[in-house]
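Here's the letter readout for the chains.
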Amino acid sequence: MLLALYTKQPWKTLYLTFQVLAIVLVFLPTFAVQYLFVRPNPTWSWSHAMRVALARRLNSVIIILGKAPSGPDYRAIEPGSGVEGVWMDEVPHLMNAELRIWSSAANVTSIRIPGYWYAKTGVNLKPPTPIAAGQKVFLFLHGGGFIRMSAHPRSLISIMPRSLVELTDDAPHALAVEYRLSSAYPFTEEHPFPAALLDALAGYNFLVNTMGYNPSDIIIAGDSAGGNLAIALTRYLVENIDDTQVSLPGPPGHLLVCSPVTDMSSSHVVPGSSALTNDKDIVSDFYTDPHHPPYRILAYVGPFGVGIASCNRYISPASLSPLVQSRFTGFPRTFIIAGGMEVFLDQICSLRDRMVRDIGETQVTYYEAANAEHDYLAFSWHPDRPATLRAIKEWLVSA
């Protein structure tokens, strides 16, 4: 397994050196000329095609190495430009029996974690208390395949909460949760499901019971893997609203997911599916080897094994497996974003269809940028980004 080899020295340094030289001397010059004449998508500009190609290459390098270089994580609050860090208490008292069983099996517990406040330009970084009636707030859960990225502003994904808070005056703050990232062999095996869900729950509880936000004014938002967590957190709050064993905050008023990963099983990997035909997406490695699940999935499912992805509604809410009894009754109004060229398109459409079935078409807004890649909203240069942000703004204002 390449992953086990390239995580050790001197092979790691040799591999990185080779990749840098290959990218600079071969890869970029070759595609720079090729894309003058033929591009993966005829609607893309030359610079668009080059950015996607470079992102695909860098993503494949990181996947081979297994983990990105270390950065800000759940262990500390690090200073950052334009944010204010905050600690959020653990929530073992909000775990129902099912969540306790999963946590015990995975050997994870609810812990105190950090988060970062983002604010609209000209507004105080941290919301003043008491919270004004009707004041909305984003709870943001970042993407990164469960194994990388961060809530910290140094992370590339911070463009998401920074953009969201600028959309309307009545949602001027976002709390980004620094949830625990998963890892597996050949690294330390730690923080599998449901660790990130417990951390997301701690963030939600902080907004309601520490800051004083009304649950109906909370917009749970997430991209990619963070979109998966956003759906899972919403599900937990909705399904257990009447649980007498735990005193949970009420469900959120809104759910916003961008390119959410909704099926970690292989149920959508069939001939002609987007998983196989959208092979020019930025996520280039996900379905390349049907016999070896991607590292990010192995890390997230941990001791449960990949089989849990075919039977767990929190991990694969859009799985086509009959073992996943995934319902969305009680979910709030939802905005779903997808790129027409992303490998996850079919599973995102399955999510949309199931939500429409259970909560009605008027409660589900689906926005698809036909020529866009996975998680395109995270790229400041992307041509479809402005129109998508306008659509989100209209959805927020129409609430």
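Residues numbered from 1 in each chain as written. Predicted model: local features only at pLDDT ≥ 70, side-chain atom pairs only at ≥ 80, totals over all residues. Heavy atoms only, no water.

Asker: Got a minute to help me understand the side chain of Asn278 in this structure?
Answerer: Structurally, the position occupied by Asn278 is in the loop between helix H8 (274-277) and helix H9 (295-301). Residue classification places Asn278 among the buried residues on the basis of a relative accessible area of 15%. Here the side chain of Asn278 touches Gly340 through a polar contact of 3.3 Å, landing on its backbone oxygen. Setting aside anything within four residues of it in sequence, one finds Asn278 in contact with Gly340, Met341, Glu342, Val343 and Leu345. (Helix = DSSP H or I, 4+ residues; strand = E, 2+ residues; numbered from the N terminus. Buried < 20%, exposed > 50% of the residue type's maximum accessible area, 1.4 Å probe, protein only. Polar contact = N/O pair within 3.5 Å; in protein donor to acceptor, adjacent residues only side chain to side chain. Contact = heavy atoms within 4.5 Å.)

Asker: How should the pattern of salt bridges be read in this particular structure?
Answerer: It is possible for side chains of opposite charge to pair when their charged atoms get near one another. Tallying each qualifying case throughout the model produces eleven salt bridges. With its nearest N and O atoms 3.8 Å apart, the salt bridge here joins Lys136 to Asp170. Here Asp170 lies in the loop between helix H5 (159-164) and strand E4 (173-177) and Lys136 lies in the loop between strand E2 (113-119) and strand E3 (137-141), a separation of 34 residues in the sequence. Two residues, Glu239 and Arg235, come together in a salt bridge whose shortest N-O distance is 3.1 Å. Remark: Arg235 and Glu239 occur in helix H7 (residues 225-239); sequence separation between them is four residues, near one turn of the helix. Glu239 gets classed as partly exposed once you look at its relative accessible area, which sits at 36%. Through salt bridges that share partners, Glu98, Arg235, Glu239 and Arg313 make up one connected network. (Salt bridge = Lys/Arg side-chain N within 4 Å of Asp/Glu carboxyl O.)

Asker: Can you help me understand the nonpolar core in this one?
Answerer: One broad trend across soluble globular proteins is that nonpolar side chains are buried collectively. Grouped together as the largest cluster of nonpolar side chains are 72 residues, with contacts concentrated most on Trp117, Leu139, Ile218, Ile220, Leu233 and Met355. Tallying contributions element by element places helix H6 (residues 195-211) first for this core, with twelve residues. Listed in part, the 31 residues of the second largest apolar core include Val165, Ala171, Ala378 and Leu389. (Core = buried A, V, L, I, M, F, W, Y, C linked by side-chain atoms within 4.5 Å.)

Asker: What is the right way to look at the sheet that holds E2 in this model?
Answerer: Paired through their backbone hydrogen bonds, the strands of a sheet run either parallel or antiparallel. The strand order E1-E2-E4-E3-E5-E6-E7-E8 describes an open sheet built from eight strands, whose pairing is mixed. One side of each edge strand has no neighbouring strand; the edge strands of this open sheet are strand E1 (84-88) and strand E8 (364-369). Each neighbouring strand pair of the sheet contributes to a mean axis angle of 20°, computed without reference to strand direction. When E3 meets E4, the two strands line up parallel, connected through three bridges. (Pairing = 2+ DSSP bridges. Axes fitted to C-alpha atoms, helices over the stretch in contact; angles between N-to-C directions.)

In short, shape yes, function no, at least from these values alone.
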